[in-house]
Amino acid sequence: MSTTPSVTTAAQKDSSQVRQKEMIARHFDRLAAAPDSGARCAYTFVPGNLTELLLSFDVLPVLPEINALQSAMRGKTAEYIAAAEKLGHSEDVCTYVKSDIGMMKSGNIGPTGQRLPTPDLLLLSYTGCFTFMKWFELLREDYHCPVAMLHVPYQADGRITDNMRTYVVDQLKNVVIPKLEEVTGRKYDEDRLRAHLARSAQAEDDLVWVLQSAKNVPSPIDAYFGAVYYVGPIFSAFRGTADAVDYYRELRAEIAERIRQGKGPVTPDGEVERERFRIVVEGPPNWTSFRQFWKMFSDEGAVAVASTYSKVGGVYDLGFRHDPDHPLETLAEYCLGCYTNLSLPTRIDLLTRYLSEYRADGFLINSVKSCNSFSAGQLHILREVEARSGRPGGFIESDLVDPRYFSAANIKNRLESYFQMLDQKRAGAAS
Amino acid sequence: MGFLPIYVPRELLHAQGVLPVGLMGGRPDLEIIKGDAYYQSYICHLPRSTIELGLNGSYDALDGLIFPAICDVIRNLSGMWQMLFPKVLVHYLDVPQNFDPAIGGAFYRRDLESLSQALAARGARPLTADALRQSIALYNENRRLVRELYALRRREPWKVPTHELYVVLRAALVVPVEESTPMFADYLALTSADRSRRPQDQARVLVTGSFCEQPPLALIKTLERAGCYIVDDDFVQVHRFIRSDIPVDGDPLQSIVNALLTDAVASPTRYIADEVKGADLNQRATDSGAEGVLFCAPSFCDPALLDQPMAVRAVERTAIPWTAFKYAENNGQFQVIREQAGTFADSIKLWSGA
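Here we take up the overall build of chain B. Helices and strands together make up the secondary structure of chain B, namely 12 helices and 8 strands. Over its C-alpha atoms chain B spans a radius of gyration of 20 Å, differing by no more than 12% from the 20 Å that the globule rule assigns to 354 residues. When the backbone C-alpha atoms are referred to their principal axes, chain B occupies close to 60 × 50 × 40 Å. Taken over 354 residues, chain B has a buried fraction of 62%. Taking contacts inside chain B between residues at least 6 apart in sequence as the whole, the part at least 24 apart equals 75%.

Okay, here's the thing in structure tokens:
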């Protein structure tokens, strides 16, 4: 069992986490200074982000999804969502969108307490989520700035076709790059892009090593809650930077040391000292009660050994790496390969594979109300993965950033029942 | 070949000897037994009834389904269909959001070619340019008659009650174009000639947001009984998704591609690039002489509900009054909507001239 101090105590942090915090702080400092420094910034999304391309133009990325989840962790989203709903946004739609709009209408103060710059460009990478398109149509009405639309086709048949790849590359060449040239007044520099892509691949190697370290028993990491921190730099503003390369090298060394010592994951409330359950998790976390949610797992000795949420910004563990020798083609492949752009059968295959490769006891689906891209079909996923793997699945419901949809007692009850069931199953198998 | 909302190029299917069958979920009286087990409470109703009808054998006559790219729910349903019905053809029609003929157009054309090849592999006739031209001509006539019906309803809405027109449009989804065209023509002739239908003191409204999951017929009747003439709408939009005739000369497949790129309605499911959001809706309101706009979207419909604040702002720029409510295809109680629509219609009649 974990050490279980009160959830109000200060969270424990590894040195890589401290480094990441410093990287983020520097990034937000640059963003806050952008109106004075003249730095250009683009708002864009995590899945299918084109960070290397933006960096090659010296454009600073702003990720509204990350802002929303950070706002949730700071307890701000209830008021932001209320502000958006008051403006006519439906209670039925994505709360990331409403949180972002509420934040904008409340002064656009970002997670570090600094004002975010207004965008010079909305880079609408429409990858794996229909809502993205509407989100930036909505923002465009307020920001009145240019939009570069990149439509990424869906892998409906479980593969990337030449037609899809060509379509995305054509848009990069003829829509996205010209728009970046127009906004920045700079010419596209493919050598700079290649250099960023090479650094991305380095960091991706280390990230995959870290995620796959969960194959150890006990797992040295939590690949759902903990992985949120691990994927942070590579899913956001830092992929392709020297900072990201250094961060992942340090993280890898930390995890290697944990494996050597036979240690379990670090949680905000201490270390998981005895791994009782190895779980694969599908779906995004709840952010409003993130720490409480994690504690419901760690108190039971439940460790996530693999998750799909940690693949929304790239399914690197299936082998993809950014390839500096084919810069635009590799960006296209990246966008096409993000987790929510995969067909339901492919997602089921992946979950089943994780259960086996990570020697998991079972899998849990956290179904979030906000995200139809993830959630529509998850009950089918539940049945199929159970049938194929023979391992029990659990199903809980919450939301991304709307605290009204996080019912702690309900979720805790469900989780406890699920873990009890795993225990009984194990006992039955042993007898 | 079944297809889900909103739009597929039916001409292509027809030219290969395939009957396009429009599927729009279930009727209110369809008991959902299995379908609900596939979806959480916060997901719209159409996929539940679609699964139900698939599992209860109602779609057994279909050789496959086409899932147009309109939202994440329909998108994911395509994967479920692949697994639940592995013997039928499942095609996800990834309609482009880039409208440059050389980029999005090229992508869409190749997608249509792959659909055509998949149909041929299952026994459909190979696609020929001549057959496609003939099919385009047939559907042009079909669409022309629908446009005429809509024009007549705009001029004399009492002659074309929407609850009647709607049934005709739905019926046309499941019969060959060779039958639906005369059906439209007959209805147009009969209702035009019907002198017993007299104008009433009703408010002219445009109903928008109902392009995928359809409202129950009783809801449409409720709006009419509450004092509304529906003079434009998004119902069964496949008949009007392409606004004008598709050229029959030249390369017919390219003509179908170009029609989507340049002549499709500004649906919330399409990215509006350079135009002003809501301009199309306002134009429709003007063209139809609408005195009010009813935002009538299905619960949990992302495209409609995410679009709605922008559409509302656009309508407010014109000073046309509006109101909004939601429904599900299986709603059975309409009293609240009746009161809301009735009050709205009354306010238009009382105050619109003020």
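Having seen the model, we can carry on.
Bringing the domain arrangement of chain A into the picture now. Bring the parts together and some accessible area is lost; that lost area is often taken as the interface size. Residues and elements named next belong to chain A. When its domains are assigned, chain A resolves into domain 1 (34-186) and domain 2 (193-430). One C-alpha centre belongs to domain 1, the other to domain 2, and the line joining them spans 24 Å. For the domain 1 and domain 2 pair, buried surface summed over both sides reaches about 3500 Å², with 63% attributable to carbon and sulfur atoms. The interface formed by domain 1 and domain 2 includes 3 salt bridges. Those elements giving two or more residues to the side of domain 1 that touches domain 2 turn out to be helix H2 (51-56), helix H3 (64-73), helix H4 (77-86), helix H5 (95-105) and helix H7 (162-184). At 7 residues, H7 tops the list of elements feeding residues into the side of domain 1 that touches domain 2.

With that settled, consider the interface of chain B and chain A. Across the contact, 50 residues belong to chain B and 55 residues belong to chain A. Here chain B and chain A share 5 salt bridges between them. Note that Arg313 of chain B and Glu141 of chain A form a salt bridge whose closest N and O atoms lie 2.9 Å from each other. Where chain B touches chain A, the interface holds 29 residue pairs in polar contact (both at pLDDT 80 or more). Of all elements in the fold, only helix H3 (72-84), helix H4 (101-121) and helix H11 (302-316) of chain B reach the threshold of two or more residues within the side of chain B that touches chain A. Broken down by element, the residue count for the side of chain B that touches chain A peaks at 10 residues, all from H3 of chain B. Tallied by class, residues from the side of chain B that touches chain A come to 28 nonpolar, 10 polar and 12 charged.

Here the focus is the sheet that holds strand E8 (residues 302-307) of chain A. Residues and elements named next belong to chain A. Ordered in space as E8-E7-E9-E10, the 4 strands form an open sheet in which the pairing is parallel. With one partner strand each, in any of the chains shown, E8 and strand E10 (393-398) form the two edges of the open sheet. Neighbouring strand axes in the sheet, compared pairwise and without regard to direction, differ in orientation by 35° on average. Pairing geometry for strand E7 (residues 277-282) and E8, over 5 bridges, is parallel. By the bridge assignment for E8, Val280 is matched with Ala306. The strands that helix H15 (residues 378-389) touches are E7, strand E9 (362-368) and E10; relative to E9, the one it contacts most, it runs at about 175°.

Let us look at the pairing of strand E4 (residues 147-151) of chain A. All names here are of chain A. By the criterion of burial, E4 is predominantly enclosed, with 5 of the 5 residues buried. The alternating pattern of E4 places Val147, Met149 and His151 on one face and Ala148 and Leu150 on the opposite face, and all of these are buried. Looking at chain direction, strand E3 (residues 121-126) and E4 are connected through 5 bridges and run parallel. When the bridges of E4 are listed, Tyr126 appears paired with His151. For the crossover that starts at E3, traverses helix H6 (residues 131-143) and ends in the parallel E4, the hand is right-handed.

Residue and element names in this part refer to chain A. In contact at an axis separation of 10 Å, helix H8 (residues 190-212) and helix H12 (residues 327-337) are set at 45° when each is read in the N-to-C sense. Relative to H12, the element H8 is oriented oblique. By crossing handedness, the relation of H8 to H12 is classed as left-handed. Only Pro327, Leu328, Thr330 and Leu331 of H12 make contact with H8, whose side of the interface consists of Glu190, Leu193, Arg194 and Leu197. Among the residues making up the contact of H8 with H12, the classes are represented as 5 nonpolar, 1 polar and 2 charged.

For sheets, the rule is that strands pair by backbone hydrogen bonds, running either parallel or antiparallel. Residue and element names in this part refer to chain A. Spatially, E2-E1-E3-E4 is the arrangement adopted by the 4 strands of the open sheet, whose pairing is parallel. The open sheet has two free edges, formed respectively by strand E2 (59-62) and E4, since each of these has just one partner strand. Taken over all neighbouring pairs, the strand axes of this sheet differ in orientation by 25° on average, direction set aside.

Below, the discussion takes up the pairing of E7 of chain A. Residues and elements named next belong to chain A. With respect to burial, E7 is a largely interior element, 6 of its 6 residues being buried. With burial as the criterion, each face of E7 is covered, one bearing Phe277, Ile279 and Val281 and the other bearing Arg278, Val280 and Glu282. In the sheet, E7 pairs with E9 via 4 bridges, with the strands oriented parallel. Residue pairing across strands places Val280 opposite Phe363, the latter belonging to E9.

Here we take up the packing of H15 of chain A against H3 of chain B. Viewed as axis vectors pointing N to C, H15 of chain A and H3 of chain B meet at an angle of 40°, and their least axial separation amounts to 11 Å. In terms of their interaxial angle, H15 of chain A and H3 of chain B are classed as oblique. Our pair here, H15 of chain A against H3 of chain B, has a crossing hand that is left-handed. Mapping the contact onto sequence places His380, Glu384 and Arg388 of chain A in H15 of chain A and Met80, Met83 and Leu84 of chain B in H3 of chain B.

Turning our attention to unusual backbone geometry. In this chain, Val217 of chain A is followed by Pro218 of chain A through a cis amide linkage whose omega measures 0°. Position of Pro218 of chain A relative to the elements: it lies in the loop between H8 and helix H9 (225-235). Positive phi is not limited to glycine here, since Asp58 of chain A has a value of about 60°. A positive phi is found at Ala319 of chain B, a non-glycine position, where the angle reads about 70°. Counting through the fold element by element, Ala319 of chain B comes out in the loop between H11 and strand E8 (322-327).

Turning our eyes to something else, we now look at the packing of aromatic side chains. All names here are of chain A. If you walk through the whole model with that rule in mind, you get 37 aromatic pairs over all chains. Judged by centre distance (4.8 Å) and plane angle (70°), the ring pair of Tyr224 and Phe225 falls under edge-to-face. The burial state of Tyr224 is the same as that of Phe225; both residues are buried. Ring geometry for Tyr229 versus Phe290: centroids 6.2 Å apart, planes at 80°, classification edge-to-face.

A word on the nonpolar core. Side chains that are nonpolar tend, in soluble globular proteins, to be buried together. Among the nonpolar cores identified, the biggest contains 251 residues, and Tyr96, Leu124, Trp287, Phe293 and Phe419 of chain A are the most heavily contacted of them. The two domains that each donate at least three residues to this core are domain 1 (34-186) and domain 2 (193-430) of chain A. The next biggest cluster of nonpolar side chains, apart from the first, holds 12 residues, and it includes Tyr229, Phe295, Ala311 and Val315 of chain B.

Residues and elements named next belong to chain B. The complete set of buried residues in helix H8 (residues 217-225) reads Leu219, Ile220, Thr222, Leu223 and Glu224. Those residues of H8 hidden inside the fold are in contact with helix H6 (162-171), strand E5 (203-208), strand E6 (228-232), strand E7 (292-298), E8 and helix H12 (335-351). Positive phi appears at Gly227, one or two residues downstream of H8, with a value of about 110°.

Here is what the cut-offs are and how they apply
Residues numbered from 1 in each chain as written. Chains lettered and ligands numbered in written order. Predicted model: local features only at pLDDT ≥ 70, side-chain atom pairs only at ≥ 80, totals over all residues. Heavy atoms only, no water. Helix = DSSP H or I, 4+ residues; strand = E, 2+ residues; numbered from the N terminus. Rg over C-alpha atoms; globule rule 2.2 N^0.38 Å. Buried < 20%, exposed > 50% of the residue type's maximum accessible area, 1.4 Å probe, protein only. Contact = heavy atoms within 4.5 Å. Domains from an automatic or database assignment. Buried area = accessible area lost by both parts, 1.4 Å probe. Salt bridge = Lys/Arg side-chain N within 4 Å of Asp/Glu carboxyl O. Polar contact = N/O pair within 3.5 Å; in protein donor to acceptor, adjacent residues only side chain to side chain. Nonpolar A, V, L, I, M, F, W, Y, C, P; charged D, E, K, R; others polar. Pairing = 2+ DSSP bridges. Axes fitted to C-alpha atoms, helices over the stretch in contact; angles between N-to-C directions. Right-handed = clockwise from strand over helix to strand, strands pointing away. Parallel < 35°, antiparallel > 145°, perpendicular 65-115°, else oblique. Left-handed = near helix turned anticlockwise from the far one by under 90°. Phe/Tyr/Trp six-rings, centres within 6.5 Å; stacked < 30°, edge-to-face > 60°. Core = buried A, V, L, I, M, F, W, Y, C linked by side-chain atoms within 4.5 Å.

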